[in-house]
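Tertiary structure, described
The residues making up each chain are set out below.
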Amino acid sequence: MLQVWNAIRHVYNKGTLSLVSRTNDVHTSAAQGCPIPINDLHRVSPDRYTQKERDERCKLAALYRLVHQEGWTQYIYNHITAQVGEGHHFLLNPFGLLYEEVTASNLLKVNLEGEVIDPGTTLLGVNLAGYLLHSAIHAARPDVRCVVHIHSPYAAAVSTMKCGLLPMSQEALLLGEISYHPYSGILVDQTEREAIAKNLGPKNKVMMLQNHGMVACGESIEEAWVNTYGTIHACEIQVQAMGAGVDNLLVLDGKSLWERTAAIAASEDVAHQARTQVKWASGQLEFEAMMRKLDRQGHQTGYPYQLPEVYATASEQQST
């Protein structure tokens, strides 16, 4: 065992992975069995990014890590993008990294055309074909600040069904109305950007890419995570229920229940009661819980917690 470990250390010390990163400390961390730190912004100049961009980089890299942990990746393929700042600049993964290798410092920053504004800390570039889908949505929907594109088996399975994603579970209803975009091959045609934007529509945040996969959007990285999680779970429920036969499925009246279900879920009448005055935006409470999980696992998220300490102090406990 010691000989194997020494051989691994020798390989890494030779820098055989230097093509992937300008420094190999990230990969040495992985070789030692430790998670690659998400917040590795110590590797760049402190004045290279604003504090807001530093926070967004940590959040987006953490989202890549969550998708990896859930098993929804297709090794180096697909993207998650997030708008940074108020201009048309977006962060995404360097093409060639696994999702578990994505960190705050190695995210690329590009414009709508996919031109690199900031290369991050790797020698890798942009998959322009993969970015086309994201640029189409970001250009058409200024309210969308994060786009997640996934080919997970359950989502891909539902994308092949003529019936689409059925309103047969609460998970599906919470997503609201679903959009659909027909398959026309690998997305490389710039003219398809208009069709993507048109099919998504002005309000919907989930779109099934028929015979392909899914897209989940959010007004924040946190909301995009919740919409992604909900979509994949709704797809899983549908695929498993199909085993009972289509005639045995209880399909609800989606149009009459979508808005009502979403409105009730967001209502103050069912909002959680807490001892703090923290206001939680859509997806924030759930995402923060997942960040605590990642930090417990040693991923060093760098997440700007709204509620850094969830446990009440002794005096706070006595005051209730």
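First things first, this report covers the structure right here in the doc.

**Description of the nonpolar core**
In this structure, Leu-60, Leu-63, Tyr-64, Ile-80, Phe-287 and Met-291 are the most contacted members of the largest nonpolar core, which totals 47 residues. Looking at this core element by element, the count peaks at seven residues for helix α3 (residues 51-70). Ignoring sequence-local partners within four residues, the contact set of Leu-63 consists of Ile-80, Cys-146, Val-148, Ile-221, Trp-225 and Phe-287. The next biggest cluster of nonpolar side chains, apart from the first, holds 13 residues, and it includes Leu-133, Val-147, Met-207 and Val-215.

**Regarding the pattern of salt bridges**
Here the structure, examined in full by the defined rule, presents nine salt bridges. Here Arg-48 ties to Asp-118 by a salt bridge, and the two come within 2.9 Å at their closest N and O atoms. Taken together, the positions of Arg-48 in the loop between α2 (25-31) and α3 and Asp-118 in strand β4 (residues 116-118) put the pair 70 residues apart, joining distant regions of the chain. In this structure, a network of salt bridges that share partners links the residues Glu-53, Arg-57 and Lys-109.

**Focus on the layout of surface pockets**
Of the pockets and cavities examined, the second largest pocket occupies roughly 330 Å³. Around the second largest pocket, the lining comprises 15 residues; the ones closest to its centre are Asn-78, His-149, His-151, Ile-186 and His-212. Considering each element in turn, the lining of the second largest pocket owes the most residues, three residues, to helix α4 (residues 128-140). Class assignment for the residues of the lining of the second largest pocket results in six nonpolar, nine polar and no charged.

**Here we look at the sheet that holds strand β7 (residues 206-209)**
Within the open sheet, the eight strands sit side by side as β4-β3-β2-β1-β5-β8-β7-β6. Their pairing is mixed. Two strands bound the open sheet, and with one partner strand each, they are β4 and β6 (179-181). Averaged over all pairs of adjacent strands, the angle between their axes in this sheet comes to 25°, without regard to strand direction. As paired strands, β6 and β7 are joined by three bridges and run parallel to one another. Its bridge partner being in β7, Tyr-180 is matched across the sheet by Met-208.

**Some remarks on the packing of aromatic side chains**
How two aromatic rings sit relative to each other is given by the distance of their centres and the angle of their planes. This structure, assessed with the given rule, holds eight aromatic pairs. Seen from their ring centres, Trp-225 and Tyr-229 are 5.5 Å apart, and the 50° between their planes marks the pair as tilted. Here Trp-225 and its partner Tyr-229 are both found in helix α8 (residues 221-241), four residues apart, which amounts to about one turn of the helix. Considering the side-chain rings of Phe-287 and Tyr-303, the 5.6 Å spacing of their centres and the 55° angle between planes classify their relative orientation as tilted. Taken as a pair, Phe-287 in helix α10 (residues 284-296) and Tyr-303 in the loop between α10 and α11 (314-318) lie far apart in primary sequence, 16 residues in all. Each member of the pair Phe-287 and Tyr-303 is classed as buried. Looking at Arg-57, its charged tip hangs above the ring of Tyr-49, at a distance of 4.0 Å from the centre.

How each quantity is defined
- Every chain is numbered on its own, with residues counted from 1 as its sequence reads.
- Predicted model: local features are reported for residues with pLDDT of at least 70 only, side-chain atom pairs are reported and counted for 80 or more only, and whole-chain, interface and lining totals are derived from all residues.
- With hydrogens and water stripped out, all remaining heavy atoms of the structure feed into the side-chain values.
- Residue types Ala, Val, Leu, Ile, Met, Phe, Trp, Tyr and Cys, when buried and joined through side-chain atoms within 4.5 Å, form a set referred to as a nonpolar core.
- A 1.4 Å probe rolled over the protein chains alone gives each residue an accessible area, and that area as a share of the maximum for its type sets the label: buried under 20%, exposed over 50%, partly exposed in between.
- A run of DSSP states H or I qualifies as a helix once it reaches four residues; a run of E qualifies as a strand once it reaches two. Both are numbered from the N-terminal end.
- Only heavy atoms enter the contact rule, under which two residues are in contact if any of them lie within 4.5 Å.
- Salt bridges, as used here, are contacts in which a Lys or Arg side-chain nitrogen is within 4 Å of a carboxyl oxygen on Asp or Glu.
- Of the two site types, the cavity is a set of points on a 1 Å grid over the protein atoms alone where a 1.4 Å probe fits but cannot get out, and the pocket is an open set with protein on both sides within 12 Å along at least five of seven lines, each lined by residues with an atom within 4 Å of a point.
- Grid points are joined across faces, edges and corners, and a volume is the space filled by probe spheres set on the points.
- For this scheme, ten residues count as nonpolar: Ala, Val, Leu, Ile, Met, Phe, Trp, Tyr, Cys and Pro. Four count as charged, namely Asp, Glu, Lys and Arg, and the remainder, Gly too, count as polar.
- Between any two strands, pairing holds if DSSP finds at least two bridges.
- In this description, a line fitted to the C-alpha atoms serves as the axis of each element, helices being fitted only across the stretch in contact, and the angle between N-to-C directions of two axes falls anywhere from 0 to 180 degrees.
- Only centres within 6.5 Å qualify two rings of Phe, Tyr or Trp (six-membered ring in Trp) as a pair; their planes then separate them into stacked at under 30 degrees, edge-to-face at over 60, and tilted for everything else.
- Whether a charge lies above a ring is judged from NZ of Lys or CZ of Arg, which has to be within 6 Å of the ring centre and within 35 degrees of the ring normal.

That is the geometry; function is a separate question.
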